[in-house]
Amino acid sequence: MSGVFRKKTADASGAESSALADVVSALGNSAIVAVTDAKGRISYVNDMFCAISKYSREELLGQDHRIIKSGRHPREFFRDMWRTISGGNVWHGDICNKAKDGSLYWVDTTITPFLDKAGKSHKYIAIRHDITARHNLAMFKEETLALANHELRNPLTTVYAAVVALLSGEAGPLSDDAVEFLTIAKKSCRRMIELVEKFLTLDALEAGKLEFRRERVDLGELLQEAVEAAGLACGGEPNRVTLAPTSLVVVADRNRLMEVVVNVISNALKFSPPDAPVEVSAERFGDQARVRVRDRGPGIPKEFRRRIFQRFARAHGVTERGSGLGLNISKAIIEGLGGSIGFETTPGEGSTFFFELPREGADSQRN
Ligand SMILES: Nc1ncnc2c1ncn2[C@@H]1O[C@H](COP(=O)(O)OP(=O)(O)OP(=O)(O)O)[C@@H](O)[C@H]1O
Ligand SMILES: [Mg+2]
């Protein structure tokens, strides 16, 4: 956790002490400041320290700094901190403290040790900023996503499976109306599951937690599967899609790549007329493979092109056709796999979305 490792020299001179006093007083307007001796006994606190800790200055001075310890960090956390600062190094990290009334607050903390002539730490100045709101928001987001994952995705998956079973006639014959209603329920359920999954993917991407496998992916097979999946998702329209055969092989994460291709093909199907063809192909592009999905839809409006890869961006406004997350996630996935994604479009004539990915070396001779 320790940050910059910088040795502080002795602060013996009067001029230096007075400059230090000025700095501390200026800092007092924007930061929570405390000074302790080598043992951690408080010798100075500013008003912001008193305000956030809810202790008076009199209650704090001379006290061990542990008076505001929350118990939220493991013992090693403070052991490492003390090892760093008593060794003359600056420590930086986020700490959860406890105020006098028992409430917890989070502070971004930098502790700078000051060394005496013998080179030993004899004083520590801690400068802190209140990050409680930011921390609580991050916790709220984490908990909401965990809740969405367990309390939303799991029951939705169960409902989806039940609807699919009913539709397949497992519970007996259905009237035409029942089939119609259940088909609507199935589609809505699928959309909700996909939305929760997209939120989870976005969160993982944002936190840099999304890991990509590097495996051999046969593009011909993957594209065929993606055409079928996108056709099903868009209401059984795979016949509109033509797929040019290919034996190209790329190095990618198969599941993540599938997500991208299904999104781009679904977009081509969703945003073009129901009888307009969609062409999917793959070609060599230097040491990469380029996948292209061409549609004969309305094209992408000029003013929207700049925003198309942004989160929640939709040219057609808020409709049930999409959440505006697919291309944002697709771009992050393709870039995470070492490739790039783009599009060409002519209003009134259609769009071609394409992406490139590294080809598997051994297969570079086969095509
Ligand atoms: N082939 C296309 N032709 C015309 N417009 C498109 C095309 N592909 C994408 N768009 C526009 O770009 C927007 C963003 O696409 P994106 O895939 O990110 O989201 P979505 O399809 O709306 O929702 P999601 O993919 O999250 O279900 C779409 O809503 C649509 O307005
Ligand atoms: Mg989409």
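Structure shown above.
Residues numbered from 1 in each chain as written. Chains lettered and ligands numbered in written order. Predicted model: local features only at pLDDT ≥ 70, side-chain atom pairs only at ≥ 80, totals over all residues. Heavy atoms only, no water.

Below, the discussion takes up the coordination of the magnesium ion (ligand 2). Looking at the metal site, the magnesium ion (ligand 2) is ligated by Asn263 (OD1) and Asn267 (OD1), spaced 2.2 Å from it. Within this pair, asparagine 263 and its partner asparagine 267 are both found in helix α8 (residues 254-270), separated by four residues, close to a single helical turn. Exposure class is identical for asparagine 263 and asparagine 267. Each is buried. (Donors = N, O, S within 2.8 Å, 3.2 Å for Na, K, Ca; no water. Helix = DSSP H or I, 4+ residues; strand = E, 2+ residues; numbered from the N terminus. Buried < 20%, exposed > 50% of the residue type's maximum accessible area, 1.4 Å probe, protein only.)

This brings us to the nonpolar core. By size, the foremost hydrophobic cluster in this structure holds 44 residues, and its most contacted members are Leu219, Leu257, Ile265 and Phe355. Looking at this core, the elements with two or more residues in it are α7 (219-233), β8 (249-252), α8, β9 (278-285), β10 (288-295), α10 (326-336), β11 (340-346) and β12 (350-358). In terms of residues, this core owes the most to one element, α8, which gives nine residues. Core analysis: the next-biggest nonpolar cluster, separate from the first, contains 22 residues, Val45, Ile52, Phe78 and Ile95 among them. (Core = buried A, V, L, I, M, F, W, Y, C linked by side-chain atoms within 4.5 Å.)

So, on to helix α5 (residues 132-167). In this model α5 runs 50 Å from its N-terminal to its C-terminal C-alpha over 36 residues, within 8% of the 52 Å that 1.5 Å per residue would give. Looking at the buried side of α5, the elements it contacts are β4 (104-115), β5 (121-130) and α6 (176-206). A positive backbone phi angle near 85° is found at glycine 169, which sits one or two residues after α5. (Expected span 1.5 Å × (residues − 1). Contact = heavy atoms within 4.5 Å.)

Here glycine 326 lies in helix α10. Sequence separation between glycine 326 and leucine 195 is 131 residues; the distance between their C-alpha atoms is 9.8 Å.

Moving on: the sheet that holds β5. The strand order across the open sheet built from five strands is β2-β1-β5-β4-β3, with neighbouring strands paired in antiparallel fashion. In the strand order of this sheet, the two ends are held by β2 (42-45) and β3 (91-98), each with one partner. Between one strand axis and the next, the sheet turns by 30° as a mean value, whatever way the strands run. Of the pairings in the sheet, the one linking strand β1 (residues 32-37) to β5 comprises six bridges and is antiparallel in character. Its bridge partner being in β5, aspartate 37 is matched across the sheet by lysine 123. Contacts from helix α4 (residues 75-86) reach β3, β4 and β5 within the one sheet, and its direction differs from that of β3 by about 135°. (Pairing = 2+ DSSP bridges. Axes fitted to C-alpha atoms, helices over the stretch in contact; angles between N-to-C directions.)

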